Amino acid sequence: MARWCYRHRLVVLVLWVGALFGLGAAGTSAGTDYSNVFSLPDTDSKQAYDLMTKAFPRSSGDTDTVVWRSSGDVGPVTDTAVRSRIEPVLKEIAGMRGVGEVVGPYDAKNAAQISRDGRTAFAQITFTDQANEVPKDLVRKVVDTAQGAERDGLQVELGGQAITRIQEPPTGVSEVVGIAAAAVVLFLAFGSLFAMLLPIVVAITGVGSGMMATMLLSHVTNVPEVAPLLGSLIGLGVGIDYALFIVTRHRRGIQRGLEPEESAVRALNTSGRAVLFAGGTVCIALAGMLVMNLRFLDGVVIATSLTVVLSVLAAVTLLPALLGLLGPRVLSRKQRRKLAGAGPDPAEASGPAARWSAYVQERPRSIAAMALVVMAVLALPVLSLRLGATDQGNNQESTTTRQAYDLLAEGFGPGFNGPLQVVVPGGADTTELVRTIRATDDVAQAAAAPPAGGITVIQVVPKTSPQSVGTDRLIDRLRDDVIPEAGVEAHVGGVTAVFKDFASVTGDRLPYFVGAIIGLGFLLLLIAFRSLVVPLTAALMNLIAAAASFGVLVAVFQWGWGTEFLGIGKEGPITAFLPVIMLSLLFGLSMDYQVFLVSRMHEEWVHTGDNARAVRVGLAETSRVINCAALIMICVFSAFVLSGDMEGAMAGIGLAAAVALDAFILRTALVPAAMHLLGRSNWWLPGWLEGRLPHLAVEPAASPTGPNESTGPDESTGPDKNTGFDKNTGPDKNTGFDKNTEHLKAAEPETSGTGGATVIHGFLRTADGDPLAGASVTLVSRGGRQLDRVTSIADGSYIVSVPAPGAYILAVTARGLASRAHHVTVGGGPLVYDVELTDDGAGLVK
């Protein structure tokens, strides 16, 4: 598929552009129909909600509030001077097209809309549409008209969902800032404008199509308003990162001597497979939210999973087409000149990453201890985690919604912004129940509305704010003590009660959810790496990362550390659904980094059987790209502080902290240090389990032909494009080995039937006895199937894996030297062969 997309790049581009514009046109034409469904089955608040819906059908429009307060020399709000300014404004608003009704406090039946001290009053504005459908121009006109009544000593503010919409930054601000920051990181990493643009174009395409598709889906299922924001957040992060992995592998292939097309195909066949695995893992983790049985999360799963799928699809189809358009220009001019002048780059990792890897190997205990201390300190605040919901009281102090919230709290009490509804069915007498509720601690006032449809609703205003622990306790007291003692059937509902039940259900089910996703991760890694210790380590690291990231979240949003600096409003409880979403995303992203890191270690372990070398080489060769990918995600996630949405800001800060801790402390320090300390036990798997596990290949099977990417054969020596061996030696077209060697039988090697996998190892030397690094050693079956291929390291050593005892062909290739192949027979144990290379061939010396 990668080769087809590369060669038919214009077709792929047209298809993607057509799909993007088609979805955009359909989404724009249909509009959005987002809905926040917080009600939960089998909860008291849900029963109250259902009863109220039957007895008091709600109007279709959104209801917002105008609040005014007089102070100083200005008299009470009932004074003629105040009424003469407010009443004309309310009348003007009522006459606006799109406004259904305005209920003011100056009608005798609405006297309760004036505070006891006479200084604060409010009016309710009901629009003809829901909040997300009310035109912003109308909302601005309402706000400007209402605030036009202000004067010295008379403050006018507005609150409500429709009003909130005009306070939000322009749509896409956080995305643009995140993309700009990611572009800077990519340019510094690649040094090429074209290479920098590739991951961004792929991510924007995936996220754009995902957002348009989510808009369409909102008409057929319940999708909450926060879902597209979370979808774009995770879509940008994984979209840029997935493209980064593939582009990095492609550029490395070109720098090591491959043709652009072959390099792109190999990048998709290696890193592309890992992207498919990682994207599938993220979707599975997101789908794990469904086990919570919370309707609100269903739409979040749909939006985020759909965006991740489209981002992965763009990475494995659109990206190879773009690589085909760029060709060698994916490298910078400096890199192209270096490749042309100095030849391909060596395969050995070097630089700061290699030095850090060696440092970790030398001091694993101290590094592991320091990393654990840091993570433990950051995790401490999680002990005071409290789930709840945010409201307009958490907005920034400069916003009119926050000031309206504060004015209502000051004039009518903190609980006025979140009243409770005690719903009594069956037409029962509520006189005694109302009297008992009024006498209950923490109740400011309680009044019963006239019955309707056999349903009586008692409005209860707590003395404490909706987010207060005292309000939660009051709800429990009403349900557990007050109502049962009154001897009537009643249910406690209202927005505050719904959010409390939502938080309680989430907290109760969260351990099962965590166990499910941790168990899934353990199983996937067990199958992929054939080890018990590696998945156990990964599961433990995921728990550590989750605890530390939630500790940061609690410190910032619940304790208020740094909220003024970040400009995100007032502290409060952590949104109830956020832990589920964050754990899903954290699990998926951690799996990405774990697979990318450990797969390289596992590859080296299979080749050498040396755990220390496997961990050192794996960390040296992957830490740079992991850290670069993490830095991009941190930029993208942190930018969502600018979204104007508290839930979006929480998710952004929480995920940014999680990725930073996971990449820079866990994967770069704690995981490799722990693996050094565990030694060979990292790769232990009981024999009885080995035979029962299915095989899951994250990396592709070895290709029977084609040069080793790591060696990058020099075209000047005339290597055959299919085999990588010198054309002058006359390689056979079927095998790629020298015709001068004895005839090869077209059959697999005969094995003894006993014994398992083993190795051939030794040293490569020149005729002068010097170590030969960078040479390619290939093990091939007698039927011509490549079984393993490695590159000799700095000291000239090599080691290839042998699947079973038998007869094989060992080929050695180096630039500037003739390529030859020889027969070897492997017994039940490792076979030692030292190889001396000369300018006229290779001689095997036992």
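Please refer to the structure placed before this passage.
Because the structure is predicted, anything quoted here is derived from the model rather than measured.

Enquirer: For this particular structure, what's the right way to read helix H5 (residues 136–147)?
Expert: Along an α-helix, a turn takes 3.6 residues, which lines up residues three or four apart on a common side. Relative to the 16 Å expected for 12 residues at 1.5 Å per residue, H5 spans 16 Å between its end C-alpha atoms, a close match to the ideal helical length. Along H5, the residues that are buried comprise Leu138, Val139, Val142, Val143, Thr145 and Ala146. One face of H5 carries all of its buried residues, which in axial projection span an arc of 165°. Residues of H5 that are exposed and angled more than 90 degrees away from the buried face: Asp137 and Asp144. In this structure, the buried residues of H5 make contact with strand S1 (63–70), helix H4 (80–94), strand S2 (99–103), strand S3 (120–127), strand S4 (154–159) and helix H6 (161–167).

Enquirer: Explanation requested: the packing of aromatic side chains in the structure shown.
Expert: The geometry of an aromatic ring pair comes down to the distance between the two centres and the angle between the two planes. For the coordinates displayed, the defined rule picks out seven aromatic pairs. A centroid spacing of 5.8 Å and a plane angle of 25° characterise the contact between tryptophan 356 and tyrosine 359, whose relative ring orientation is stacked. Within this pair, tryptophan 356 and its partner tyrosine 359 are both found in helix H13 (residues 352–362), separated by three residues, close to a single helical turn. The exposure class assigned to tryptophan 356 is partly exposed, which follows from its relative accessible area of 31%. Assessed through its relative accessible area of 37%, tyrosine 359 is described here as partly exposed. Among the aromatic residues, those joined into a ring-pair cluster are Phe122, Phe412 and Phe416. One Lys or Arg, arginine 329, reaches over the ring of phenylalanine 194 and ends 5.6 Å from the middle of that ring.

Enquirer: Mind showing me how you'd approach helix H16 (residues 431–438) here?
Expert: For H16, the set of buried residues is Leu433, Val434 and Ile437. One face of H16 carries all of its buried residues, which in axial projection span an arc of 100°. The inward-facing, buried residues of H16 contact strand S6 (420–424), strand S7 (443–448), strand S8 (456–462) and helix H17 (469–486).

Enquirer: How do you make sense of the nonpolar core when you look at a structure like this?
Expert: Nonpolar side chains in soluble globular proteins tend to be buried together. Membership of the largest hydrophobic core comes to 158 residues, with the highest contact counts inside it found for Tyr242, Met289, Leu297, Phe557, Tyr593, Ile632 and Phe637. Considering every element that reaches this core, the biggest residue donor is helix H23 (residues 646–678), with 18 residues. Among all residues touching methionine 289, those that are not within four sequence positions of it are Leu297, Val300, Val301, Phe513, Val580, Ile581 and Ser584. Core analysis: the next-biggest nonpolar cluster, separate from the first, contains 30 residues, Val77, Val82, Ile114 and Val156 among them.

Enquirer: Explanation requested: the sheet that holds S2 in the structure shown.
Expert: The strands making up a sheet associate through hydrogen bonds between their backbones, and the pairing can be parallel or antiparallel. Taken in spatial order, the four strands of this open sheet run S2-S3-S1-S4, and their pairing is antiparallel. For this open sheet the edge positions go to S2 and S4, each flanked by a neighbour on one side alone. Going across the sheet, the axis of each strand differs from the next one's by a mean of 20°, ignoring polarity. Pairing of S2 with S3 involves four bridges; the strand directions are antiparallel. Residue pairing for S3: glutamate 101 is matched across the bridge by threonine 126. Contacts from H5 reach S1, S2, S3 and S4, with the element oriented near 160° to S4.

Conventions and cut-offs
Residues numbered from 1 in each chain as written. Predicted model: local features only at pLDDT ≥ 70, side-chain atom pairs only at ≥ 80, totals over all residues. Heavy atoms only, no water. Helix = DSSP H or I, 4+ residues; strand = E, 2+ residues; numbered from the N terminus. Expected span 1.5 Å × (residues − 1). Buried < 20%, exposed > 50% of the residue type's maximum accessible area, 1.4 Å probe, protein only. Arc of directions from axis to C-beta. Contact = heavy atoms within 4.5 Å. Phe/Tyr/Trp six-rings, centres within 6.5 Å; stacked < 30°, edge-to-face > 60°. Lys NZ or Arg CZ within 6 Å of the ring centre and 35° of its normal. Core = buried A, V, L, I, M, F, W, Y, C linked by side-chain atoms within 4.5 Å. Pairing = 2+ DSSP bridges. Axes fitted to C-alpha atoms, helices over the stretch in contact; angles between N-to-C directions.

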